[in-house]
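# Structure assessment
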Amino acid sequence: ITMQRSLMLLLLLACSAKSGFVEAFTTPTSSIQQSAGKRVTQGAPIFASVASYQLDEDFSNNGNNINSRRIHIQRLFGKKGAKTSTFRAICTALPFLLLKRLSLGSSVAWAASTATSVPTFKKEEILPYRALCFLKATGQNILTSLRHPSKDTLKVIAYTLVSIYLLTNIVEGMAASKRQKLDATSEWGRYADKPAARGQALSLLMMQLTPYAILPSLLDKFSKKKKDDLSETEYKSTRAHKLRRRGGEMFADGLLKLGPLYVKIGQILSCRENLFPDEWITAMERLQDRVPAKSGKEAWDLLYDAAPGGKAGFHKQFSDFDDVPLAAASLGQVHRATLRSSGERVAIKLQRSRLRDIYDKDLALMKKIAKIVDKFGKAGQVGGIEQSWVSIFNDAESILYREIDYRDEADNAIRFANDFGIGLGGVEIESTAKGVDGNALPSAAEWLRTPYTYGDLSSEKFLVMEYVPSIKANNNEALDKAGVTLEDREYLAECLAHAYLRQFCAHKFFSTDPHAGNLGIEVFEDERAPRVVFYDFGQACSLADDQAGGILDVIESIVDSDAKKSVSAFSRMGVLKDSADLEMVQAKCQQNYDEGKLKVKKRKSRKSSRYNTKEKVLAKESEKAELDARIDSAKQAKNTTDTSEGVNDLEVMASFTLQSEYAFVARALSQMDGVGKSLDPEFDFISAAAPYLVEVKGTGKYLTDEIKKKFTFVYGEDGILAKELQLFKSLGLKLPTKE
């Protein structure tokens, strides 16, 4: 029995020394010393905790009590019940010690030989050592209590875990906030890795914005003077203006910190003046081209990482690189440089780091959200129109991934320039696009400009373009200084509509992102009229023939206030369901025309002599007069029978389904409308584009279609020709065909 006790004691001492039990429950003092290879300590016996923790469950709840430990040691080495105590100790301790032995992977002999190898502690090291001992003891007590947890124990554990989680998030949030003060884009990668962190940041942003969104409206409501009655200076001194300005800055900063996709959202919203106060729009406009960028050494590192051939390849092709960016947006930043071969100044667009990784994670999350929205049926409808959000998202995902591959953007930019017939230096070249009649469209170099793109020098993260300086399209102060008149701005807004009419209906390829940061105004020192400059073709979309033709038919039907033709155009576009009530849709269109909700404004006349030669799009003056008369008659047209009374908007919208391509058409129109109104407050796309229908269709086809409209009794669906054709078919006769 004595031998068994001695062996058990040695095993306990050896394994507990290696595993840390000795240090955990020994209470060292300032008199810790090392003498003759033995440890001199004060406090509880070094093996008391081992016996208390491992040998008897009855003492698990008071294992830290020294008296209990001593009683338990007496049970192991006392006279009474010696056989029982020893047997119980062996059965309980050996399995545990064996597991510890296996997990440590070292021999008991080695552990025993190193048990007395204790470092000498300095005075300042004693307190940390005690803290470590306390933590180890606390951990072991927790493990002991978990063997038979009570409800109170589980509650404590749950509260502890929640507290740790909240504390961790608070600490991470404070650290992130400090980093974002230095660089607002610093957390983009972390938010992609941890969507929950972004969700918390977004929730916090919404909570912070709530008072800034509500209080200004309340102040306006209870103010003695209304906003419209105040001068600009008086309004800027009001509390409501200050709150709106602060709210707009907070919203823009929040979107910037959340990631590139949220910056894109801010760019879109900045063009919707009808959705947000002016102060918010102004704040979000900086997301278009003033996102924090890398400069100096960081810009050089970004350059060498992106350039084909690295550092050596770049310096072989370029010189005079300006490491201070001209502009920066969500995906990249633009720098000036010089081509060694020709000496021409170029603009180099460099992509931000980790974009593809961020897109992979963010878009995977958004795709899951799109699937959830689609499962809720009507909950995913917009304005009552049915759509598949997964389908829209898939197309958006494809466009977004192409946007971060600058080789695709180079191809888009080259196609855009060729479609409009614009070469290097903005010179006129032959257009590759054709009108509805199959003839080549004229070059747009006189009223539109886009930088020439060097596709052979570009790569996935490195895009080289001609350097084309301009004034931001909505920078009215700069336009005033440059001498751009109100008449010039009306003309430029019309050029913008002209450009998108051609893209939608003839090119069948359009830029989906025409916000003010991607549009400029090029001003000349001579008498030439200013022209619109298009930048950034990372996001572009193609249209099928029927989609492009349907859009053209819709525009013409609005110009003519022809409800029946509108329904035919919708069918051609493919936006009507098979079960759609066509009569109800036609009645609603007619109601909108009769009430003036859809109307075309007469084209504004211009007095400046430099615009007298700009009307080449109308081949003859008689054609212009005919078009003006057509618009006037359309404004006065009324249907004698009111078939639209009582038509419900939601019932009509339920007949429509939205294809993904039209989501991008709507986005482009929305952003273009915002820029157009910044140039001309009375701008609307249909009215501005109407004069250029003849260019898109071709003069011959345009005049032929107009004659058919004038003689509907002959050429209409119920006209003479249609009836004669029906008669021929009923008699079994065949019409002669061209061989």
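Attention here is on the structure that accompanies the text. (Residues numbered from 1 in each chain as written. Predicted model: local features only at pLDDT ≥ 70, side-chain atom pairs only at ≥ 80, totals over all residues. Heavy atoms only, no water.)

Attention now moves to the packing of aromatic side chains. In total, this model carries 20 aromatic pairs according to the counting rule given. Ring geometry for Tyr500 and Phe534: centres 6.1 Å apart, planes at 45 degrees, overall tilted. In this pair, Tyr500 sits in helix α22 (residues 486-507) while Phe534 sits in strand β13 (residues 531-534), placing the two residues 34 residues apart along the sequence. As far as the burial class goes, Tyr500 and Phe534 line up, both buried. A cation sits over an aromatic face here: Arg528 above Phe524, 3.7 Å from the ring centre. (Phe/Tyr/Trp six-rings, centres within 6.5 Å; stacked < 30°, edge-to-face > 60°. Helix = DSSP H or I, 4+ residues; strand = E, 2+ residues; numbered from the N terminus. Buried < 20%, exposed > 50% of the residue type's maximum accessible area, 1.4 Å probe, protein only. Lys NZ or Arg CZ within 6 Å of the ring centre and 35° of its normal.)

A word on the packing of helix α24 (residues 563-573) against helix α25 (residues 582-594). Packing of α24 against α25 leaves a shortest axis separation of 8 Å and a crossing angle of 125 degrees. When the axis of α24 is compared with that of α25, the two are oblique. Considering how the two elements wind past one another, α24 and α25 form a crossing that is right-handed. Judged by residue contacts, Ala563, Lys564, Ser566, Val567 and Phe570 of α24 engage Leu582, Val585, Gln586, Cys589, Gln590 and Tyr593 from α25. Counted by class, the contact of α24 with α25 contains 7 nonpolar, 3 polar and 1 charged residues. (Axes fitted to C-alpha atoms, helices over the stretch in contact; angles between N-to-C directions. Parallel < 35°, antiparallel > 145°, perpendicular 65-115°, else oblique. Left-handed = near helix turned anticlockwise from the far one by under 90°. Contact = heavy atoms within 4.5 Å. Nonpolar A, V, L, I, M, F, W, Y, C, P; charged D, E, K, R; others polar.)

Another aspect to go through is the nonpolar core. Grouped together as the largest cluster of nonpolar side chains are 74 residues, with contacts concentrated most on Phe504 and Phe534. When residues of this core are assigned to their parent elements, the largest contribution, 12 residues, is made by α22. Contacts of Phe504, omitting those with residues within four sequence positions, involve Phe510, Leu543, Ala548, Ile551, Val665, Ala668, Leu669 and Phe685. Core analysis: the next-biggest nonpolar cluster, separate from the first, contains 24 residues, Ala184, Leu209, Ile281 and Val291 among them. (Core = buried A, V, L, I, M, F, W, Y, C linked by side-chain atoms within 4.5 Å.)

The next point concerns the pattern of salt bridges. Per the stated rule, a full pass over the model turns up 40 salt bridges. With a closest N to O distance of 3.5 Å, Glu172 and Lys194 form a salt bridge. You can see Glu172 sitting in helix α8 (residues 151-182) and its partner Lys194 sitting in the loop between α9 (188-193) and α10 (195-222), a full 22 residues away along the chain. A relative accessible area of 40% places Lys194 in the partly exposed class. (Salt bridge = Lys/Arg side-chain N within 4 Å of Asp/Glu carboxyl O.)

In this section: a positive patch on the surface. Together, Lys178, Lys181, Arg246 and Lys257 line one region of the surface with positive charge. When contributions to the positive patch are tallied by element, the ones reaching two or more residues are α8 and α12 (239-258). (Patch = residues over 30% accessible without salt bridge, like charges linked within 9 Å, V, L, I, M, F, W, Y side chains within 5 Å. Areas by Shrake-Rupley, 256 points an atom, 1.4 Å probe, with all protein chains shown as cover. Lys, Arg positive; Asp, Glu negative; His and termini not counted. Charge placed at Lys NZ, Arg CZ, Asp CG, Glu CD.)

Because an α-helix completes one turn every 3.6 residues, residues spaced three or four positions apart along the sequence face the same direction. Taking 1.5 Å of rise per residue, the 12 residues of helix α31 (residues 699-710) would be expected to cover 16 Å, and the 17 Å separating its terminal C-alpha atoms lies within 8% of that figure. Along α31, the positions that sit buried rather than exposed are Tyr702, Asp705 and Glu706. In an axial view of α31, the angular spread of the buried residues amounts to 100 degrees, which keeps them on one side of the axis. (Expected span 1.5 Å × (residues − 1). Arc of directions from axis to C-beta.)

In this section: the packing of helix α16 (residues 297-306) against helix α17 (residues 310-317). Relative orientation of the contacting elements α16 and α17 amounts to 95 degrees, with a least axis distance of 7 Å. Considering their axes alone, α16 and α17 lie roughly perpendicular with respect to each other. Where α16 approaches α17, its residues Trp300, Leu303 and Tyr304 are matched on the opposing element by Gly310, Lys311, Phe314 and His315. For the contact of α16 with α17, the residue count by class is 4 nonpolar, 2 polar and 1 charged.

Once that is clear, we can look at the pairing of strand β5 (residues 332-339). Among the 8 residues in β5, 7 count as buried, and that is most of the element. Where strand β3 (residues 318-319) lies against β5, 2 bridges are found, and the strand directions are antiparallel. Following the sheet pairing, Ser319 is matched in β5 by Thr338. With 2 bridges joining them, strand β4 (residues 327-328) and β5 adopt antiparallel strand pairing. For Ala327, the partnering residue across the bridge sits in β5 and is Val334. Adjacent in sequence and paired antiparallel, β4 and β5 are bridged by 3 residues. In this sheet, strand β6 (residues 345-351) lies alongside β5 in antiparallel orientation, the contact comprising 7 bridges. The partner of Gln333 across the bridge, within β6, is Leu350. Between β5 and the antiparallel strand that follows it, β6, lie 5 residues; Gly343 among them carries a positive phi value of about 80 degrees. (Pairing = 2+ DSSP bridges.)

Further remarks concern the sheet that holds β13. Sheet architecture is open: 4 strands sit in the order β8-β13-β12-β10, paired in mixed fashion. If you trace the sheet from one side to the other, it starts and ends with β8 (448-449) and β10 (471-472), each paired once. Strand direction decides the pairing type here: strand β12 (residues 519-522) and β13, joined by 4 bridges, are antiparallel. Bridge pairing in β13 places Gly520 opposite Val533.

A positive phi angle, close to 65 degrees, is found at Arg354, a residue other than glycine. A relative accessible area of 37% places Arg354 in the partly exposed class. For Ser561, which is not glycine, the phi dihedral falls at a positive 50 degrees.

In this structure, Glu279 sits in helix α14 (residues 278-284). This buried residue, Glu279, is left without a salt bridge; Arg244 holds the nearest opposite charge, at 4.8 Å.

A cluster of nonpolar residues, Val162, Tyr165, Leu166, Ile170 and Met174, forms a patch on the protein surface that exposes about 500 Å² of accessible area. Here Ile170 shows up in helix α8.

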